[in-house]
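Here are the chains, one letter per residue:
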Amino acid sequence: MIDWSWIGRNAEEILDRTWEHLFLTLVPVGIGILISFGLTAIILTWRRAYGSITLAAGILYTIPSLALFAALIPVVGLNATNAIIALTSYTLLILVRNFVAGIDGVPSATLEAADGMGYTRSARFWRMEVPLALPVVIAGIRIATITTVGLVTVSVVLGLGGYGFFIYRGFQARQITQTLVGLILSIVLATALDLVFVGIQRRLTPWTRSRA
Amino acid sequence: MSPQPMISLEGVTKMYPGLQRPAVDHLDLEVGEGELVTLVGPSGCGKTTTLKMINRIIEPTSGRILVNGQDALSVDAHELRRGIGYVIQQVGLFPHRTIAENIATVPVLLEWDKGRIRSRVTELVEIMGLEESMLDRYPSELSGGQQQRVGVARALAADPPIMLMDEPFGAVDPIVRSRLQEELLDLHRHLRKTIVFVTHDIDEALYLGTRVAILNMGGILEQYDTPAAVLSDPAGEFVTSFLGGERGLKRLALLPVSEVEISPGPVVDVRATPEEALEVMRRHGVDWVGLIQDGHITGWVWQSELDGRRLAELEPKEFLVSLTPDSSLREALDAVVTNRARVGVIADQGGYLGMIDLEAIAETITE
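None of the values given here were measured: they were computed from a predicted structure.

For chain B, the count of helices and strands is 15 helices and 16 strands. On the principal axes, the C-alpha backbone points of chain B span a range of 80 × 50 × 35 Å. Within the span of chain B, comprising 367 residues, buried residues form 39% of the whole. In chain B, the share of contacts with a sequence separation of at least 24, taken over all contacts with a separation of at least 6, comes to 62%.

Below is the structure:
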């Protein structure tokens, strides 16, 4: 049933689609992180913005991806920019919530001690709050990344799709091999990226490893 | 009465927004150099607010605060705080920093050079009875008592003249707490820091304080005096009820045995004759006698045991509790009531000093 030789014959295309899938995942997540930093900064200085910002990000999150791709065609066209804008918008809710939760989760005793030791407000933020928020911040980035890996496949409607291209073409041509290859590689990619972030987190937050 | 004030609060008031009554109301308080002042009172009395206004964790609404002769409200808060050690109940060690890095916090902020920081950290490990092997670990790997020691070490790191401590021993178990209390008294004796210590535990306040400030709801200072004076002469009903029962016992805990005139007691040298021993007992009106050998007391025997035998042949019963001139009268009382002879024996390294009985203890309290 599975046509093993298909894989060998299409190695080059598989590699191309891998790069495409990676590109369409990492660029939106990267841009999403930058935008979320900005939004988090706004929320931290102006708490009342939290409700409206997460509401807006939440509404974006509920729009079906197909609809968003279609809606963006008249604005930016049928291209990668379209996909990147749509995919970026889906990361915002997850990232902003985790960034804010990370900062809010820093124990108040730690902050009071930092104040009492004579940290200035900005030194306290960068040297206490940011590092201590990292585990939750990175957890958010992991979820956003895994979600985006899955969503990239839908961009096949824009002629992109990464591994989604194989899944879609497999359906059309009733070739189970192609669909399975696209599906499995997508899962492998999501898992691999997740492990990379786990590794980064372990390096950046050594104190979370050594619990007595 | 008190030495040069290190901290002085003048008419300090704290109003929290939305509250009708001030948390602290026109408080005047002076803390002399080298004092260990305890702030004590029921919850809501403003003791923690008062403490936190000294290093401006809480900004006063009005009034003046002088720290080390300097107007605390006119300097940068973070500069002020680097010169004041700060210890809080939840410890608040920085979870992402090793013990060594935690201790070095203020020296790093003050930009000491690396060698000086390292040797200071080593010194503090010594002072606080920590272990070198802890230095590379993270706070979560330490027990509560160890964490609080690190918290105190961190506060001491830049050798500030002033320490503020907000219920620092509130979250550790009683055994560790009493050890930490003794260590703090030791530290205070040796380093001569000016310490302001907040607690809700009147016994802790009386035990630690050179002076005790008793606060009532709304930051009203009810009494500010030495523990002995507070206990013997409480200023009004609030203080009396806050001191609770057993005031006599609490006073005994504060007074050393050396305060009382020690009597030589009914003792004889083991080389004395039985007749001489009987004479001592008769003179003291007791039916037992303590035995002295080479300047040390070996124990005591009943009159009935003598029976014409030589004293050296008898097997004396030991005094289970031995006191020193530094023991508290409360310990002396314990020694008295747990001993059949109804006395406590006092000795130091040099040997037997004398005895104390119930009457002597009671007289000190009722004077």
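Further notes follow.
Time to look at the overall build of chain A. Check the secondary structure of chain A and you find 9 helices and 0 strands. Each principal axis of the C-alpha distribution contributes one length, and for chain A these read about 70 × 45 × 20 Å. Looking at chain A as a whole, 36% of its 212 residues are labelled buried. For chain A, restricting intrachain contacts to residue pairs at least 6 apart in sequence, the fraction spanning at least 24 positions comes to 70%.

Further remarks concern the sheet that holds strand S1 (residues 5-14) of chain B. All names here are of chain B. If you trace the 4 strands from one edge of the open sheet to the other, you get S2-S1-S4-S5, paired in antiparallel fashion. Edge positions in the sheet fall to strand S2 (24-32) and strand S5 (70-71), since each has one partner strand and no second. Sheet topology note: the S1/S2 ladder contains 6 bridges and is antiparallel. Its bridge partner being in S2, Lys-14 is matched across the sheet by Val-24. Against the sheet, helix H1 (residues 47-54) makes contact with S1, S2 and strand S4 (62-67), and its axis sits at roughly 120° relative to S1, the strand it touches most.

Among the residues of helix H6 (residues 108-117) of chain A, those classed as buried are Thr-110, Ala-113, Ala-114, Asp-115, Gly-116 and Met-117 of chain A. Elements that come into contact with the buried residues of H6 of chain A comprise helix H7 (121-152) of chain A together with helix H2 (77-82), strand S6 (84-88) and helix H4 (105-109) of chain B.

Quick look at the interface of chain B and chain A now. Counting from both sides, the interface comprises 20 residues of chain B and, opposite them, 18 residues of chain A. Where the side of chain B that touches chain A is concerned, the elements lending two or more residues are H2, S6 and H4 of chain B. In terms of residue class, the side of chain B that touches chain A is made up of 9 nonpolar, 7 polar and 4 charged.

If you look at soluble globular proteins, the nonpolar side chains tend to sit buried side by side. With 91 residues, the main nonpolar core has Val-96 of chain A together with Leu-164, Val-196 and Ala-213 of chain B as its most contacted residues. Per-element accounting of this core gives the leading share, 7 residues, to helix H5 (residues 80-104) of chain A. Leaving out residues up to four positions away in the same chain, Val-196 of chain B has contacts with Ile-7, Val-31, Val-37, Leu-39, Leu-51, Ile-54 and Leu-164 of chain B. Core analysis: the second largest hydrophobic core is formed by 26 residues, Leu-314, Ala-332, Ala-335 and Met-355 of chain B among them.

What follows deals with the pairing of strand S10 (residues 220-225) of chain B. Note on strand geometry: in a regular strand, side chains alternate between the two faces of the sheet. Residue and element names in this part refer to chain B. In this structure, strand S9 (residues 211-216) lies alongside S10, joined through 5 bridges in antiparallel fashion. In the sheet register, Ala-213 faces S10, and the bridge partner there is Tyr-224. Connecting S9 to the antiparallel partner S10 that follows it, the hairpin turn spans 3 residues, and Gly-218 within it adopts a positive phi of roughly 80°.

The next thing to look at is the environment of Gly-63 of chain B. Looking at where Gly-63 of chain B falls in the secondary structure, it is placed in strand S4. Once residues within four sequence positions are removed from consideration, Gly-63 of chain B is found in contact with Leu-9, Glu-10, Gly-11, Val-12 and Thr-13 of chain B.

In this section: the domain arrangement of chain B. Residue and element names in this part refer to chain B. We note that the domain assignment places domain 1 (5-255) and domain 2 (258-366) within chain B. On a C-alpha basis, the centroid separation for the pair domain 1 and domain 2 is 43 Å. Between domain 1 and domain 2, the residue contacts involve 7 residues of the former and 8 residues of the latter. In terms of residue class, the side of domain 1 that touches domain 2 is built from 5 nonpolar, 1 polar and 1 charged.

Moving on: helix H4 (residues 65-76) of chain A. Taking 1.5 Å of rise per residue, the 12 residues of H4 of chain A would be expected to cover 16 Å, and the 16 Å separating its terminal C-alpha atoms lies within 8% of that figure. In the segment just after H4 of chain A, Gly-77 of chain A is the residue with positive phi, at about 100°.

The next point concerns the sheet that holds strand S14 (residues 322-323) of chain B. Residues and elements named next belong to chain B. Pairing in this open sheet of 3 strands is mixed, and the strands run S14-S15-S16 from one edge to the other. This sheet does not close on itself; its edge strands, each paired only once, are S14 and strand S16 (351-357). Where S14 meets strand S15 (residues 343-348), 2 bridges bridge the pair, whose relative direction is parallel. Bridging from a neighbouring strand, Ser-322 pairs with Val-345 of S15. Against the sheet, helix H14 (residues 329-337) makes contact with S14, S15 and S16, and its axis sits at roughly 125° relative to S15, the strand it touches most.

The geometry of a pair of packed helices is captured by two quantities: the angle between their axes and the separation between those axes. All names here are of chain A. Where helix H8 (residues 164-173) meets helix H9 (residues 176-204), the axes come as close as 7 Å, and the angle between the chain directions of the two elements is 155°. Classified by the angle their axes make, H8 and H9 are roughly antiparallel. Here H8 runs over H9; the crossing is left-handed. Along the contact surface, H8 presents Gly-164, Phe-165, Phe-166, Ile-167, Arg-169, Gly-170 and Phe-171, while H9 presents Ile-176, Gln-178, Thr-179, Val-181, Gly-182 and Leu-183.

Another aspect to go through is the packing of H5 of chain A against H7 of chain A. Residue and element names in this part refer to chain A. Two elements in contact, H5 and H7, have axes separated by 8 Å at closest approach and are oriented at 160°. When the axes of H5 and H7 are compared, the pair comes out roughly antiparallel. The crossing of H5 and H7 is right-handed. For the contact of H5 with H7, the class distribution of residues is 16 nonpolar, 6 polar and 2 charged.

What follows is about the pairing of S15 of chain B. All names here are of chain B. Of the crossover connections in this fold, the one passing from S14 over H14 to the parallel S15 is right-handed. Of the pairings in the sheet, the one linking S15 to S16 comprises 6 bridges and is antiparallel in character. The residue of S16 that forms the bridge with Asp-348 is Gly-351. In textbook terms, the turn of a hairpin is the stretch between consecutive antiparallel strands, and for S15 and S16 this stretch comprises 2 residues.

About the criteria used
Residues numbered from 1 in each chain as written. Chains lettered and ligands numbered in written order. Predicted model: local features only at pLDDT ≥ 70, side-chain atom pairs only at ≥ 80, totals over all residues. Helix = DSSP H or I, 4+ residues; strand = E, 2+ residues; numbered from the N terminus. Buried ≥ 20, exposed ≤ 12 C-beta atoms within 10 Å, placed from the backbone. Contact = placed C-beta atoms within 7 Å. Pairing = 2+ DSSP bridges. Axes fitted to C-alpha atoms, helices over the stretch in contact; angles between N-to-C directions. Nonpolar A, V, L, I, M, F, W, Y, C, P; charged D, E, K, R; others polar. Core = buried A, V, L, I, M, F, W, Y, C linked by C-beta atoms within 7 Å. Domains from an automatic or database assignment. Expected span 1.5 Å × (residues − 1). Parallel < 35°, antiparallel > 145°, perpendicular 65-115°, else oblique. Left-handed = near helix turned anticlockwise from the far one by under 90°. Right-handed = clockwise from strand over helix to strand, strands pointing away.

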